[in-house]
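So you can see what is in the structure, the chains are spelled out below.
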Amino acid sequence: MGLFEDLLSGNSFYYPECLSKFVGKDIVSQYKKMKIIQVGKSDLVCKIQKRRNAKKFTLSVRGDGSVALSVPYWSTYRKACLFVNEKKDWIFEKTAGRKVNSMLSLGTKADYLENREFARSFVKKRVECFNAHYQFRYNLIAIRNQRTRWGSCSENRNLNFNYRIIHLPGEYADYLIVHELCHLKELNHSACFWDLVGETIPDCRMLSKKLRKM
Ligand SMILES: [Zn+2]
């Protein structure tokens with residue numbers, strides 16, 4: 001089942017459901033303003049955003065190939081998803097020949113500023129949760145707005161994460177957290193490194209492969 005079907009069948013694994021496991025409900029409800037869905041069965045994703053001043057559905061394909069739909073507050077994500085599905089041929093036509101937008105190409109500076117603190121508290125909670133198992137020593141956790149990477153671990157034991165991690169399904173976010181955490185011990189991608197990640201994320205190699213295509 002694709003994301004779209006998941007969303008329609010009510011088992012959307014996009015936030016907030018998976019988030020509600022570990023963050024307060026108040027943060028989750030703030031986050032309900034946005035969803036990212038797959039367009040048809042393609043690699044394309046569309047960002048759906050509820051806007052107070054929107055009077056109708058407005059679908060746009062930007063210069064960088066990213067697809068966004070703004071919807072009025074009173075509408076539902078289900079309706080928005082149906083709308084995107086109806087318009088998928090138009091979206092494919094508009095994006096044809098452009099570089100397929102990856103998750104990393106999505107988001108404006110404003111989106112970053114709006115979600116940075118939320119991302120920080122989310123990442124901090126997940127790092128603490130997994131580090132209960134690993135018990136590694138780390139210094140700072142930084143949230144960044146980068147177009148090229150999801151995270152990194154520096155020599156001085158700082159962990160950096162892309163704020164877009166909050167837009168990922170929970171299992172991918174967790175995989176990224178553990179990936180960077182394990183670089184505190186293994187500064188490479190050796191078999192030892194993957195074994196270490198696998199202690200808490202058994203399907204880490206599969207998630208790593210899939211994430212590269214997102
Ligand atoms: Zn790595």
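Definitions and cut-offs
- Residues numbered from 1 in each chain as written.
- Predicted model: local features only at pLDDT ≥ 70, side-chain atom pairs only at ≥ 80, totals over all residues.
- Helix = DSSP H or I, 4+ residues; strand = E, 2+ residues; numbered from the N terminus.
- Buried ≥ 20, exposed ≤ 12 C-beta atoms within 10 Å, placed from the backbone.
- Pairing = 2+ DSSP bridges.
- Axes fitted to C-alpha atoms, helices over the stretch in contact; angles between N-to-C directions.
- Contact = placed C-beta atoms within 7 Å.
- Parallel < 35°, antiparallel > 145°, perpendicular 65-115°, else oblique.
- Left-handed = near helix turned anticlockwise from the far one by under 90°.
- Nonpolar A, V, L, I, M, F, W, Y, C, P; charged D, E, K, R; others polar.
- Core = buried A, V, L, I, M, F, W, Y, C linked by C-beta atoms within 7 Å.
- Domains from an automatic or database assignment.

Novice: Account for the overall build of the protein, naming residues and giving values.
Specialist: The number of helices and strands found in the protein is eight helices and seven strands. When burial is assessed residue by residue, the protein has 30% of its 214 residues classed as buried.

Novice: Provide a residue-level description of the sheet that holds strand β7 (residues 159–162), including the pertinent values.
Specialist: An order of β5-β7-β6 is seen for the three strands of this open sheet, with the pairing classed as mixed. The two strands at the open ends of the sheet, each matched to only one other strand, are β5 (141–144) and β6 (151–153). On average, adjacent strands in this sheet sit at an angle of 15° to one another, irrespective of strand direction. The sheet contact formed by β5 and β7 spans four bridges and is parallel. By the bridge assignment for β7, R144 is matched with N162. Across the sheet, helix α5 (residues 109–134) touches β5 and β7, and the angle it forms with β5 is around 140°.

Novice: Explain the packing of α5 against helix α6 (residues 170–182) to me, using residue names and the numbers behind them.
Specialist: Contact geometry of α5 with α6 gives a least axis separation of 10 Å together with a crossing angle of 60°. Judged by the angle between their axes, α5 and α6 are oblique. When you trace α5 past α6, the crossing you get is right-handed. On α6, the residues that touch V123, R126, V127, F130, N131 and Y134 of α5 are A173, D174, I177, V178 and L181. Along the lines of polarity and charge, the residues of the contact of α5 with α6 split into eight nonpolar, one polar and two charged.

Novice: Mind laying out the nonpolar core, listing which residues take part and the relevant values?
Specialist: The nonpolar side chains of a soluble globular protein tend to be buried, and buried together. Core analysis: the biggest nonpolar cluster contains 42 residues, and C46, V123 and I165 have the highest contact counts within it. In this structure, this core is formed jointly by two domains, domain 1 (3–96) and domain 2 (109–212), each of which donates at least three residues. The contacts of C46, once residues within four sequence positions are left out, are I37, V39, V67, A68, L69 and V84.

Novice: An account of the packing of α6 against helix α7 (residues 191–198) is needed here, citing residue identities and associated values.
Specialist: Contact geometry for α6 and α7: axes closest at 9 Å, N-to-C directions at 130°. One element, α6, and the other, α7, form an angle in the oblique class. Pair α6 / α7 crosses with right-handed handedness. Between α6, through V178, H179 and C182, and α7, the contact on the second element is made entirely by F193, L196 and V197. When its residues are assigned to classes, the contact of α6 with α7 shows five nonpolar, one polar and no charged.

Novice: Describe the sheet that holds strand β2 (residues 45–51), and please don't skip the residues or the numbers.
Specialist: With mixed pairing, four strands are arranged side by side in an open sheet as β1-β2-β4-β3. Edge strands, defined here as strands with exactly one partner in the open sheet, are β1 (34–38) and β3 (58–61). Shown here is a sheet whose adjacent strand axes are inclined to one another by a mean of 20°, direction ignored. By the bridge criterion, six bridges tie β2 to strand β4 (residues 67–72) in an arrangement that is parallel. Residue pairing in the sheet places I48 in a bridge with L69 of β4.

Novice: Summarise the pairing of β7; cite the residues concerned and give the values.
Specialist: Here β6 runs beside β7; their pairing, made up of three bridges, is antiparallel. Across the sheet, the residue bridging to G151 is F161, located in β7.

Novice: An account of unusual backbone geometry is needed here, citing residue identities and associated values.
Specialist: Positive phi outside glycine occurs at Q135, with the angle close to 60°. Mapped onto the elements, Q135 comes out in the loop between α5 and β5. For Q135, a count of 6 C-beta atoms within 10 Å corresponds to the exposed category. The phi angle at R157 is positive, at roughly 65°, despite the residue not being glycine. Turning to its location among the elements, R157 is positioned in the loop between β6 and β7. Assessed through the 13 C-beta atoms surrounding it within 10 Å, R157 is described here as partly exposed.

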